[in-house]
Amino acid sequence: MIHSIETILADVPTIRPHQLSVTTMRTQTLVLVRVRCGDGVEGWGEATTIGGLNYGEESPESIKANIDTHIAPLLIGKDATRVAAAMAVVRKAIQGNRFAKCAIETALLDAQARRLGIPLSELLGGRVRNALPVAWTLASGDTTKDIAEAELMLELRRHRIFKLKIGARAVHDDVAHVLAIKQALGNKASVRVDVNQAWTELQAMEAIAALQDGGVDLIEQPIAAHNQAGMARLARHFTVPIMADEALQGPLDAYRYATAGAADVFAVKITQSAGLTPAAQVATVAQLSGVALYGGTMLEGGIGTAASSHLFATFPELAFGTELFGPLLLTEEVLQEPLVYQDFMLQVPGGHGLGVTVDMEKLGRLRRQ
Ligand SMILES: O=C(O)/C=C\C=C/C(=O)O
Ligand SMILES: [Mn+2]
């Protein structure tokens, strides 16, 4: 049975400032959940988010408080081998708190997969691939630095798909920034943008026309998450694919977006979907409705990145790859063995459960006491 649930916060500096339209990150606060079971098996999950409360409505501190106070007590003593039943109790009793729910479900599924001696992916329907393409985000805030960084990533054969964070500057300046990078990289790389909701629909109409002409391959969440009708107009108006990210807070949003034709692509995020199971439902809605898929990140460390990789490995189609580079943005590694990134791909861990192990000595030094 479930013996204990511990939520650990660890502040890790990023390798460089990471500028989004909603915040500039210099550290990432990892939110790790450790579940220990009566049979000695333990499972891990992650609920890391971006910029405190700048990006979403849960913060590391609120996630820990709500797990410790409201969620863990529901689960202590429950049967650890019946994950769906345990999560049904949580989903019935707890409103919202999607990131917290994801970390709990991941930890329970990690433990159960370890108990069964199989990789987590095989508990999620089974993987169809062992490696995933991984994009890199250029977000230093300086066009010249971004171009140099992209050239380095190409040379290292680590990334050839680049996502540019824009929306903080004037539309004209952002467009010039993106086109300069696309110009510099040519067809050696795919260049995409993520606006993180920053534009009005009118700004998006003007900017996306220029980006489409400039050879940009994907436009992520250009306008407010609540403006579904606007996203549908943009998706119909442009040939460049429009991707929904913040708009997708679970399978019901996916269903509404798919039936309204409000996006060409869905960014699947396990935390934003409130868990691996609902994230799989988001992907199924996409597959059934002809919406393409992209594996998103919340800049998690190794635990959340591994969990996402196990789920994304089960998707029959993953037309736009993933952005599972979170650990590469951090200056400290919390896993005993880092995830393997090579030949522009992330290797989906083998082994039992998540297939990774936390370095407790390292985490002990990084965690908030
Ligand atoms: O910040 C990054 O580099 C990647 C993704 C983060 C959030 C998002 O996709 O909105
Ligand atoms: Mn995004």
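Residues numbered from 1 in each chain as written. Chains lettered and ligands numbered in written order. Predicted model: local features only at pLDDT ≥ 70, side-chain atom pairs only at ≥ 80, totals over all residues. Heavy atoms only, no water.

Residue placement: Thr7 occurs in strand β1 (residues 2-19). Judged by relative accessible area, which is 2%, Thr7 ranks as buried. Leaving out residues up to four positions away in the same chain, Thr7 has contacts with Val31, Leu32, Val33, Lys64, Ile67 and Asp68. (Helix = DSSP H or I, 4+ residues; strand = E, 2+ residues; numbered from the N terminus. Buried < 20%, exposed > 50% of the residue type's maximum accessible area, 1.4 Å probe, protein only. Contact = heavy atoms within 4.5 Å.)

On to helix α9 (residues 251-259). Buried within α9 we find Ala254, Tyr257 and Ala258. Viewed along the axis of α9, the buried residues span an arc of 100 degrees, placing them on a single side of the element. The exposed set on the far side of α9, more than 90 degrees from its buried face, consists of Leu252 and Thr259. Tucked into the core, α9 has its buried residues touching α8 (228-237), β9 (242-244), β10 (265-268) and α10 (276-289). (Arc of directions from axis to C-beta.)

Attention shifts here to the UniProt feature "domain: Mandelate racemase/muconate lactonizing enzyme C-terminal" (unreviewed entry) in the protein. The UniProt feature table records "domain: Mandelate racemase/muconate lactonizing enzyme C-terminal" (unreviewed entry) at residues 144-241. Secondary structure across residues 144-241 comprises 51% helix and 12% strand; the distance between its end C-alpha atoms is 27 Å. (UniProt positions renumbered as here; feature names shortened; annotations may be inferred.)

As a further point, take the site of ligand 1. Residues in close proximity to ligand 1 total 17 residues, the closest being His18, Tyr55, Thr137, Lys163 and Asn196. In the model, an oxygen atom of ligand 1 is placed 3.1 Å from a nitrogen or oxygen of the Asp194 side chain. In isolation ligand 1 has 300 Å² of accessible area, and contact with the protein removes 100% of it. Placement of ligand 1 is best described as lying within the largest cavity. (Near = heavy atom within 4 Å. Polar contact = N/O pair within 3.5 Å; in protein donor to acceptor, adjacent residues only side chain to side chain. Areas by Shrake-Rupley, 256 points an atom, 1.4 Å probe, with all protein chains shown as cover. 1 Å grid on protein atoms, 1.4 Å probe; cavity = no way out; pocket = protein on both sides within 12 Å on 5 of 7 lines; lining within 4 Å. Sits in = over half its atoms within 2 Å of the grid points.)

One pass over the full model with this rule turns up two aromatic pairs. With a centroid separation of 4.9 Å and an interplanar angle of 55 degrees, the aromatic rings of Trp136 and Phe325 are classed as tilted. On the criterion of sequence distance, the pair formed by Trp136 in strand β5 (residues 136-138) and Phe325 in the loop between α11 (302-312) and β12 (341-342) is long-range, its members being 189 residues apart. Judged by relative accessible area, which is 0%, Trp136 ranks as buried. Aromatic side chains Phe312 and Phe315 sit 5.6 Å apart centroid to centroid with 45 degrees between the ring planes, which places their arrangement in the tilted category. (Phe/Tyr/Trp six-rings, centres within 6.5 Å; stacked < 30°, edge-to-face > 60°.)

On to the sheet that holds strand β6 (residues 161-165). One open sheet holds the seven strands; their spatial order is β5-β6-β7-β8-β9-β10-β11, and the pairing between them is parallel. This sheet does not close on itself; its edge strands, each paired only once, are β5 and β11 (292-295). Sheet topology places β6 next to strand β7 (residues 190-194); five bridges connect them, and they run parallel. Along β7, the bridge assignment pairs Lys165 with Asp194. Seen against the sheet, helix α5 (residues 143-155) touches β5 and β6 and runs at an angle of roughly 160 degrees to β5. (Pairing = 2+ DSSP bridges. Axes fitted to C-alpha atoms, helices over the stretch in contact; angles between N-to-C directions.)

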